[in-house]
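So the chains spell out like this:
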Amino acid sequence: MDSALVSEPAAYLRPTVRISVKLLVVGHFAVGKTTFVGTLSEIRPLHTEEKMTQAGALVDDLSGVPEKTTTTVAMDFGRLTLNDQLVLYLFGAPGQQRFTRLWQDMTQGALGALVLADTRRLDQSFEVMGLLEEHGLPYAVAVNHFPDAPFYSDADIREALDLLPETPLVTCDARDARSSTQALIALVEYLQRRPR
Ligand SMILES: Nc1nc2c(ncn2[C@@H]2O[C@H](COP(=O)(O)OP(=O)(O)OP(=O)(O)O)[C@@H](O)[C@H]2O)c(=O)[nH]1
Ligand SMILES: [Mg+2]
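Calculation rules
Residues numbered from 1 in each chain as written. Chains lettered and ligands numbered in written order. Predicted model: local features only at pLDDT ≥ 70, side-chain atom pairs only at ≥ 80, totals over all residues. Heavy atoms only, no water. Helix = DSSP H or I, 4+ residues; strand = E, 2+ residues; numbered from the N terminus. Buried < 20%, exposed > 50% of the residue type's maximum accessible area, 1.4 Å probe, protein only. Lys, Arg positive; Asp, Glu negative; His and termini not counted. Salt bridge = Lys/Arg side-chain N within 4 Å of Asp/Glu carboxyl O. Polar contact = N/O pair within 3.5 Å; in protein donor to acceptor, adjacent residues only side chain to side chain. Contact = heavy atoms within 4.5 Å. pLDDT = per-residue confidence, 0-100. Near = heavy atom within 4 Å. Pairing = 2+ DSSP bridges. Right-handed = clockwise from strand over helix to strand, strands pointing away.

Brief notes about the side chain of Lys22
Point 1. Structurally, Lys22 is set in strand β1 (residues 19–27).
Point 2. Buried and unpaired, Lys22 has no salt bridge, with Asp105 as the nearest side chain of opposite charge at 8.4 Å.
Point 3. There is a polar contact of 2.8 Å between the side chain of Lys22 and the backbone oxygen of Met106.
Point 4. Discounting residues that sit within four places of it in the chain, Lys22 has contacts with Tyr89, Phe91, Asp105, Met106, Gln108, Gly109, Ala110, Leu111 and Gly112.

Focus on the pattern of salt bridges
Point 1. One pass over the structure, following the stated rule, counts five salt bridges.
Point 2. The salt bridge partner of Arg14 is Asp84, with a shortest N-O separation of 2.6 Å. Taken together, the residues Arg14 in the loop between α1 (3–7) and β1 and Asp84 in the loop between β4 (76–81) and β5 (86–94) connect sequence positions 70 residues apart.
Point 3. A single network of salt bridges, built from pairs that share partners, joins Asp118, Arg120 and Asp148.

Let's talk about the confidence of the model for the protein chain
Point 1. Per-residue pLDDT for the protein chain has a mean of 87; in total, 87% of the residues score no lower than 70.
Point 2. Low pLDDT (under 50) marks residues 1–7, which in the prediction has two contacts with non-local residues, meaning those over four places away or in another chain.

Digging into the site of ligand 1
Point 1. Surveying the vicinity of ligand 1 reveals 19 residues, the closest of which are Lys33, Thr35, Thr71, Thr72 and Asn144.
Point 2. Between Asn144 and ligand 1, the recorded distance is 2.5 Å, taken from a side-chain N or O atom to an oxygen atom.
Point 3. Where the shell around ligand 1 is concerned, the elements lending two or more residues are α2 (33–40) and β3 (70–72).
Point 4. Looking at the shell around ligand 1, the element that brings in the most residues is α2, giving three residues.

As for the pairing of strand β7 (residues 139–144)
Point 1. In terms of burial, β7 is a largely internal element, six of the six residues being buried.
Point 2. What you see with β7 is no split at all: Tyr139, Val141 and Val143 on one side and Ala140, Ala142 and Asn144 on the other are buried throughout.
Point 3. Relative to β7, strand β6 (residues 110–117) runs parallel, the two sharing five bridges. Counterpart to Leu114 in the pairing with β7 is Ala140.
Point 4. Crossover β6 to β7 through helix α4 (residues 126–134) is right-handed.
Point 5. Here β7 runs beside strand β8 (residues 169–172); their pairing, made up of four bridges, is parallel.

Following this line, the structure appears as C-alpha coordinates:
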(Lines give C-alpha, C1' and ligand atoms only; values in the text may rest on other atoms or scores of the structure.)
(Ligands and ions follow the chains in the order given, each with its own letter.)
Protein backbone atom coordinates (compact mmCIF):
# COMPACT_ATOMS: atom_id res chain seq x y z
CA MET A 1 0.00 0.00 0.00
CA ASP A 2 1.12 3.58 -0.67
CA SER A 3 2.92 4.82 2.47
CA ALA A 4 1.20 8.22 2.15
CA LEU A 5 -2.12 6.44 2.68
CA VAL A 6 -0.89 4.75 5.82
CA SER A 7 0.38 7.96 7.44
CA GLU A 8 -2.60 10.08 6.39
CA PRO A 9 -5.69 7.88 6.55
CA ALA A 10 -8.04 10.88 6.41
CA ALA A 11 -6.41 12.47 3.36
CA TYR A 12 -9.32 11.54 1.09
CA LEU A 13 -12.79 12.98 1.43
CA ARG A 14 -15.44 10.53 2.61
CA PRO A 15 -17.74 9.59 -0.31
CA THR A 16 -20.76 10.38 1.87
CA VAL A 17 -19.89 14.09 2.14
CA ARG A 18 -22.66 16.24 0.66
CA ILE A 19 -21.95 19.70 2.07
CA SER A 20 -18.66 21.57 2.09
CA VAL A 21 -18.39 24.85 3.91
CA LYS A 22 -15.65 27.44 3.72
CA LEU A 23 -14.89 29.13 7.04
CA LEU A 24 -12.30 31.73 7.97
CA VAL A 25 -10.18 31.57 11.11
CA VAL A 26 -9.14 35.12 11.83
CA GLY A 27 -7.62 37.24 14.58
CA HIS A 28 -4.82 39.62 15.34
CA PHE A 29 -1.11 38.87 15.17
CA ALA A 30 0.02 35.82 17.19
CA VAL A 31 -3.42 34.94 18.53
CA GLY A 32 -3.05 31.29 17.49
CA LYS A 33 -4.60 31.01 14.00
CA THR A 34 -1.88 28.78 12.53
CA THR A 35 -1.91 26.61 15.65
CA PHE A 36 -5.71 26.29 15.49
CA VAL A 37 -5.82 25.23 11.82
CA GLY A 38 -2.87 22.87 12.35
CA THR A 39 -4.54 21.24 15.37
CA LEU A 40 -7.78 20.55 13.52
CA SER A 41 -6.76 19.75 9.99
CA GLU A 42 -7.01 16.11 8.95
CA ILE A 43 -4.89 16.83 5.90
CA ARG A 44 -1.37 18.17 6.21
CA PRO A 45 -2.15 21.86 6.70
CA LEU A 46 -0.82 24.41 4.27
CA HIS A 47 1.12 27.07 6.13
CA THR A 48 2.88 30.08 4.70
CA GLU A 49 5.21 30.83 7.58
CA GLU A 50 8.23 33.08 7.26
CA LYS A 51 10.86 34.01 9.81
CA MET A 52 10.23 37.37 11.39
CA THR A 53 12.98 39.96 11.13
CA GLN A 54 13.92 42.94 13.26
CA ALA A 55 12.14 45.22 10.79
CA GLY A 56 8.81 43.61 11.70
CA ALA A 57 9.22 44.38 15.40
CA LEU A 58 7.82 47.83 14.78
CA VAL A 59 4.52 46.52 13.41
CA ASP A 60 4.05 43.07 14.96
CA ASP A 61 3.89 43.27 18.75
CA LEU A 62 5.59 40.24 20.31
CA SER A 63 4.68 40.97 23.92
CA GLY A 64 3.11 37.85 25.44
CA VAL A 65 4.57 35.54 22.76
CA PRO A 66 8.33 36.18 23.06
CA GLU A 67 9.24 32.71 21.75
CA LYS A 68 7.46 33.32 18.43
CA THR A 69 9.93 33.30 15.53
CA THR A 70 7.70 33.03 12.44
CA THR A 71 4.56 34.70 11.16
CA THR A 72 2.01 33.78 8.49
CA VAL A 73 2.59 35.83 5.37
CA ALA A 74 -0.39 34.66 3.32
CA MET A 75 -2.73 32.09 4.82
CA ASP A 76 -3.28 28.78 6.57
CA PHE A 77 -5.44 26.10 5.02
CA GLY A 78 -6.87 22.92 6.47
CA ARG A 79 -9.81 20.53 6.26
CA LEU A 80 -12.01 19.01 8.96
CA THR A 81 -14.77 16.46 8.37
CA LEU A 82 -17.38 17.20 11.05
CA ASN A 83 -19.68 14.28 10.24
CA ASP A 84 -20.46 11.88 7.37
CA GLN A 85 -22.05 14.64 5.34
CA LEU A 86 -20.32 17.86 6.32
CA VAL A 87 -16.77 18.96 5.65
CA LEU A 88 -15.25 22.27 6.72
CA TYR A 89 -12.48 24.00 4.79
CA LEU A 90 -10.58 26.29 7.12
CA PHE A 91 -8.78 29.36 5.83
CA GLY A 92 -6.60 31.14 8.36
CA ALA A 93 -6.35 34.80 7.45
CA PRO A 94 -3.84 37.22 8.92
CA GLY A 95 -5.43 40.16 10.72
CA GLN A 96 -2.78 42.83 10.25
CA GLN A 97 -3.89 45.90 8.33
CA ARG A 98 -1.33 45.30 5.57
CA PHE A 99 -3.14 42.09 4.56
CA THR A 100 -6.58 43.58 3.99
CA ARG A 101 -6.32 43.12 0.20
CA LEU A 102 -5.96 39.39 0.75
CA TRP A 103 -9.30 39.47 2.50
CA GLN A 104 -11.08 40.37 -0.73
CA ASP A 105 -10.17 36.92 -2.06
CA MET A 106 -10.36 35.00 1.19
CA THR A 107 -13.91 36.09 1.94
CA GLN A 108 -15.23 34.90 -1.44
CA GLY A 109 -17.60 32.00 -0.80
CA ALA A 110 -16.97 31.95 2.96
CA LEU A 111 -20.04 31.35 5.12
CA GLY A 112 -18.64 32.77 8.32
CA ALA A 113 -15.59 33.26 10.51
CA LEU A 114 -14.21 32.28 13.85
CA VAL A 115 -12.48 35.22 15.50
CA LEU A 116 -9.72 34.09 17.84
CA ALA A 117 -9.15 36.54 20.69
CA ASP A 118 -6.60 36.85 23.49
CA THR A 119 -7.64 38.46 26.79
CA ARG A 120 -4.21 40.13 27.03
CA ARG A 121 -5.01 42.16 23.91
CA LEU A 122 -8.77 42.27 23.45
CA ASP A 123 -8.56 45.73 21.88
CA GLN A 124 -6.61 44.25 18.96
CA SER A 125 -9.63 42.18 17.90
CA PHE A 126 -11.62 45.19 16.76
CA GLU A 127 -9.78 45.47 13.47
CA VAL A 128 -10.73 41.97 12.29
CA MET A 129 -14.27 42.22 13.61
CA GLY A 130 -14.61 45.49 11.68
CA LEU A 131 -13.31 43.82 8.51
CA LEU A 132 -15.79 40.96 8.88
CA GLU A 133 -18.64 43.39 9.34
CA GLU A 134 -17.51 45.31 6.23
CA HIS A 135 -17.60 42.04 4.27
CA GLY A 136 -20.97 41.06 5.77
CA LEU A 137 -19.57 37.84 7.24
CA PRO A 138 -21.18 36.47 10.41
CA TYR A 139 -18.77 35.39 13.11
CA ALA A 140 -18.35 33.71 16.48
CA VAL A 141 -15.61 34.63 18.95
CA ALA A 142 -13.33 32.06 20.59
CA VAL A 143 -11.01 33.23 23.35
CA ASN A 144 -7.78 31.29 22.85
CA HIS A 145 -6.58 30.87 26.40
CA PHE A 146 -2.90 31.49 27.17
CA PRO A 147 -1.64 30.54 30.67
CA ASP A 148 -0.61 34.06 31.69
CA ALA A 149 -3.72 35.70 30.21
CA PRO A 150 -6.19 37.33 32.61
CA PHE A 151 -9.48 35.54 33.16
CA TYR A 152 -12.65 37.58 32.61
CA SER A 153 -16.28 36.55 32.78
CA ASP A 154 -18.16 36.08 29.50
CA ALA A 155 -20.21 39.17 30.33
CA ASP A 156 -17.05 41.28 30.70
CA ILE A 157 -15.58 39.94 27.45
CA ARG A 158 -18.85 40.60 25.62
CA GLU A 159 -18.86 44.12 26.90
CA ALA A 160 -15.17 44.73 26.10
CA LEU A 161 -15.62 43.42 22.53
CA ASP A 162 -19.04 45.05 22.15
CA LEU A 163 -20.58 41.76 20.96
CA LEU A 164 -24.18 41.43 19.87
CA PRO A 165 -26.22 39.24 22.24
CA GLU A 166 -26.54 36.52 19.58
CA THR A 167 -22.80 36.34 18.76
CA PRO A 168 -21.46 33.07 20.20
CA LEU A 169 -18.58 33.39 22.65
CA VAL A 170 -16.53 30.33 23.63
CA THR A 171 -13.13 29.57 25.13
CA CYS A 172 -10.62 27.23 23.53
CA ASP A 173 -7.02 26.18 23.58
CA ALA A 174 -5.83 26.22 19.96
CA ARG A 175 -3.44 23.36 20.72
CA ASP A 176 -6.30 21.12 21.84
CA ALA A 177 -8.43 19.42 19.16
CA ARG A 178 -11.46 18.88 21.38
CA SER A 179 -11.93 22.47 22.51
CA SER A 180 -11.03 23.82 19.07
CA THR A 181 -13.65 21.55 17.45
CA GLN A 182 -16.22 22.79 19.99
CA ALA A 183 -15.41 26.37 18.98
CA LEU A 184 -16.06 25.56 15.32
CA ILE A 185 -19.27 23.74 16.18
CA ALA A 186 -20.47 26.85 18.04
CA LEU A 187 -19.86 28.83 14.84
CA VAL A 188 -21.52 26.25 12.55
CA GLU A 189 -24.60 25.99 14.80
CA TYR A 190 -24.86 29.78 14.84
CA LEU A 191 -24.67 29.90 11.03
CA GLN A 192 -27.35 27.21 10.76
CA ARG A 193 -29.84 28.97 13.02
CA ARG A 194 -29.38 32.45 11.51
CA PRO A 195 -32.20 33.57 9.25
CA ARG A 196 -31.06 33.55 5.61
N1 LIG B 1 -0.47 28.64 25.72
C2 LIG B 1 -0.96 28.65 24.49
N3 LIG B 1 -0.12 28.96 23.48
C4 LIG B 1 -0.62 29.00 22.24
C5 LIG B 1 -1.96 28.69 21.97
N6 LIG B 1 -2.19 28.84 20.65
C7 LIG B 1 -1.01 29.23 20.12
N8 LIG B 1 -0.05 29.31 21.06
C9 LIG B 1 1.33 29.75 20.86
O10 LIG B 1 1.25 31.13 20.52
C11 LIG B 1 2.17 31.46 19.50
C12 LIG B 1 1.47 32.07 18.30
O13 LIG B 1 0.71 31.08 17.64
P14 LIG B 1 0.43 31.10 16.05
O15 LIG B 1 -0.46 29.94 15.82
O16 LIG B 1 1.68 31.21 15.27
O17 LIG B 1 -0.37 32.46 15.91
P18 LIG B 1 -0.90 33.14 14.56
O19 LIG B 1 -2.17 33.84 14.92
O20 LIG B 1 -0.96 32.17 13.45
O21 LIG B 1 0.25 34.22 14.30
P22 LIG B 1 0.47 35.12 12.99
O23 LIG B 1 0.21 34.28 11.79
O24 LIG B 1 1.92 35.52 13.08
O25 LIG B 1 -0.45 36.28 13.14
C26 LIG B 1 2.92 30.16 19.17
O27 LIG B 1 4.13 30.18 19.89
C28 LIG B 1 1.99 29.08 19.68
O29 LIG B 1 2.69 27.91 20.10
C30 LIG B 1 -2.81 28.32 23.07
O31 LIG B 1 -3.99 28.02 22.93
N32 LIG B 1 -2.25 28.32 24.31
MG1 LIG C 1 -0.13 32.32 11.61
